[in-house]
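# Descriptive structure summary
So you can see what is in the structure, the chains are spelled out below.
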Amino acid sequence: MPPEPRIRVHEEVRAALAAGRPVVALESTIISHGLPKPDNLAVARDIEATVRRQDAVPATVGMLRGEFVVGLADDELERLAGADDVVKLSVRDLPIAAAAGVDGATTVASTSAVAAAVGIGVFATGGLGGVHRGAAETFDESADLTTLSRTPIVVVCAGVKSILDVGATLERLETLGVGVVGYGTRRFPGFYVTDSGFDLDWRLDTPEQIAAAWRAHREFAVNEAALVVANPVPPEDQLDRDLHDRVLAEGLEIVARDGVTGKEVTPVLLAHFHSATAGASLATNVRIILANADLAARVAVAQARRP
Ligand code: PSU
Ligand code: MN
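Residues numbered from 1 in each chain as written. Chains lettered and ligands numbered in written order. Predicted model: local features only at pLDDT ≥ 70, side-chain atom pairs only at ≥ 80, totals over all residues. Heavy atoms only, no water.

### A few points about the overall build of the protein
- When helices and strands are counted, the protein shows 13 helices and 13 strands.
- For a compact globule of 307 residues, the expected C-alpha radius of gyration is about 19 Å, and the protein comes in at 18 Å, within 12% of that figure.
- The dimensions of the protein, computed from C-alpha atoms along their principal axes, are 50 × 45 × 35 Å.
- Expressed as a percentage of its 307 residues, the buried residues of the protein come to 53%.
- When contacts within the protein are restricted to residue pairs at least 6 apart in sequence, long-range pairs at least 24 apart make up 73% of them.
- When the accessible surface of the protein is split by element, carbon and sulfur atoms take 53% of a total near 13500 Å².
- Between the averaged position of the 29 positive side-chain charges in the protein and that of its 41 negative side-chain charges there is a distance of 4 Å. (Helix = DSSP H or I, 4+ residues; strand = E, 2+ residues; numbered from the N terminus. Rg over C-alpha atoms; globule rule 2.2 N^0.38 Å. Buried < 20%, exposed > 50% of the residue type's maximum accessible area, 1.4 Å probe, protein only. Contact = heavy atoms within 4.5 Å. Areas by Shrake-Rupley, 256 points an atom, 1.4 Å probe, with all protein chains shown as cover. Lys, Arg positive; Asp, Glu negative; His and termini not counted. Charge placed at Lys NZ, Arg CZ, Asp CG, Glu CD.)

Here's what the structure looks like:
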């Protein structure tokens, strides 16, 4: 008999899942490694409050002393937001980190894997990981993509940041069988900017349409992949284009100059964005995450109405 996986599901989340009520999974790497302290804790709480406003239950995923947690309590959220020794955990790290007994934050990959494993159908995040620029030489492609290819969950995001090779990321999502729909748009969003410059095949306009597409995906049962819902930042809220392009170029230079590799690449680029835009990117980032949490909660509510 294989051992029971040590996943602690918060009582409120467990009860909601058992009753078929809406639950939204949330990731913790965005909090520990994606946003600067101390704003990150307030943002984490705001994301949960946004989900609750739609009468859905938030389930932030993370690891505490080697235990998987789905539905962090407030003091646990505080720990992952504040401590400096929180490990960024992708899927491959989870069992090793569990055995080591560490505190860790889960990425899009590991959050969706754990959330789907306990029966959560919707997940809200900021931006997906993807194919990095120069991946033809470095092979740097986020495990988010391959994990989403085998993880049935709806992921609401604002596309991917232009720190990545957006075109290559879309090609990989196609290859991997991951559905991508624009929310109210046929253009793939570029996180800080409304339009990344790339077209999408599908556009859906309401949470009900997304829930119906997901129901069909599950009923056909021929593809165990995720469905990515790309929710663009409103044009009036996007980051100034010139500022964006300048800071991006600097960030890429820093990564090359300092020889940053592996899982450090994304956090280093994100931290540069936040420090170099004097808070402008943070404000946009927060707006995006809250909008995604709101949409994900509406999708979860629509799913719960007609499971
Ligand atoms: N992209 C963002 N913000 C983030 C991340 C990505 O715009 O916070 C985080 C997410 O947790 C994502 C992870 O799953 O980085 C991807 O890291 P990597 O590129 O090392 O796979
Ligand atoms: Mn990488």
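### Looking at the pattern of salt bridges
- Taken as a whole and assessed by the stated rule, the structure comprises 18 salt bridges.
- The salt bridge partner of arginine 45 is glutamate 78, with a shortest N-O separation of 3.3 Å. One end of the pair, arginine 45, is in helix H3 (residues 39-53); the other, glutamate 78, is in helix H4 (residues 74-82), and 33 residues separate them in sequence.
- Arginine 45 gets classed as partly exposed once you look at its relative accessible area, which sits at 34%.
- The closest approach of N and O atoms between aspartate 195 and arginine 187, which form a salt bridge, is 2.9 Å.
- Residues joined in a network through salt bridges with shared partners are Arg8, Glu67 and Glu76. (Salt bridge = Lys/Arg side-chain N within 4 Å of Asp/Glu carboxyl O.)

### Quick look at the site of ligand 1
- In the vicinity of ligand 1 lie 15 residues, with Glu27, Ser142, Asp144, Lys161 and Thr266 positioned nearest.
- Contact distances for ligand 1 include 2.7 Å between an oxygen atom and a side-chain N or O atom of lysine 88.
- Relative to its free-state accessible area of 480 Å², ligand 1 is covered by the protein chains to the extent of 92%.
- Where the shell around ligand 1 is concerned, the elements lending two or more residues are helix H2 (29-34) and helix H12 (265-276).
- For the shell around ligand 1, the element with the highest residue contribution is H2, accounting for 3 residues.
- Across the shell around ligand 1, the residue classes tally to 3 nonpolar, 7 polar and 5 charged. (Near = heavy atom within 4 Å. Polar contact = N/O pair within 3.5 Å; in protein donor to acceptor, adjacent residues only side chain to side chain. Nonpolar A, V, L, I, M, F, W, Y, C, P; charged D, E, K, R; others polar.)

### A look at the environment of glutamate 174
- Structurally, glutamate 174 can be placed in helix H9 (residues 166-175).
- Judged by its relative accessible area of 60%, glutamate 174 is exposed.
- Note: C-alpha distance between glutamate 174 and aspartate 258 (84 residues apart in sequence) is 33 Å.

### A look at the nonpolar core
- Core analysis: the largest hydrophobic core is formed by 58 residues, its most contacted members being Val13, Val70, Ile120, Leu128, Leu148 and Phe188.
- Among all residues touching leucine 128, those that are not within four sequence positions of it are Val108, Asp144, Leu148, Val155, Cys157, Gly159, Val160, Leu164 and Val228. (Core = buried A, V, L, I, M, F, W, Y, C linked by side-chain atoms within 4.5 Å.)

### Remarks on the side chain of aspartate 144
- Note that aspartate 144 resides in helix H8 (residues 143-148).
- Among the polar contacts listed, one links the side chain of aspartate 144 to the backbone nitrogen of glycine 129, at a separation of 2.7 Å.
- Contacts of aspartate 144, omitting those with residues within four sequence positions, involve Thr107, Val108, Ala109, Leu128 and Gly129.

### Observations regarding the environment of proline 234
- Summarising the element assignment, proline 234 is placed in the loop between strand S13 (227-230) and helix H11 (241-257).
- By relative accessible area, proline 234 is classed as partly exposed at 34%.
- Taking the C-alpha atoms as reference points, proline 234 and aspartate 245, separated by 11 residues in sequence, lie 19 Å from one another.

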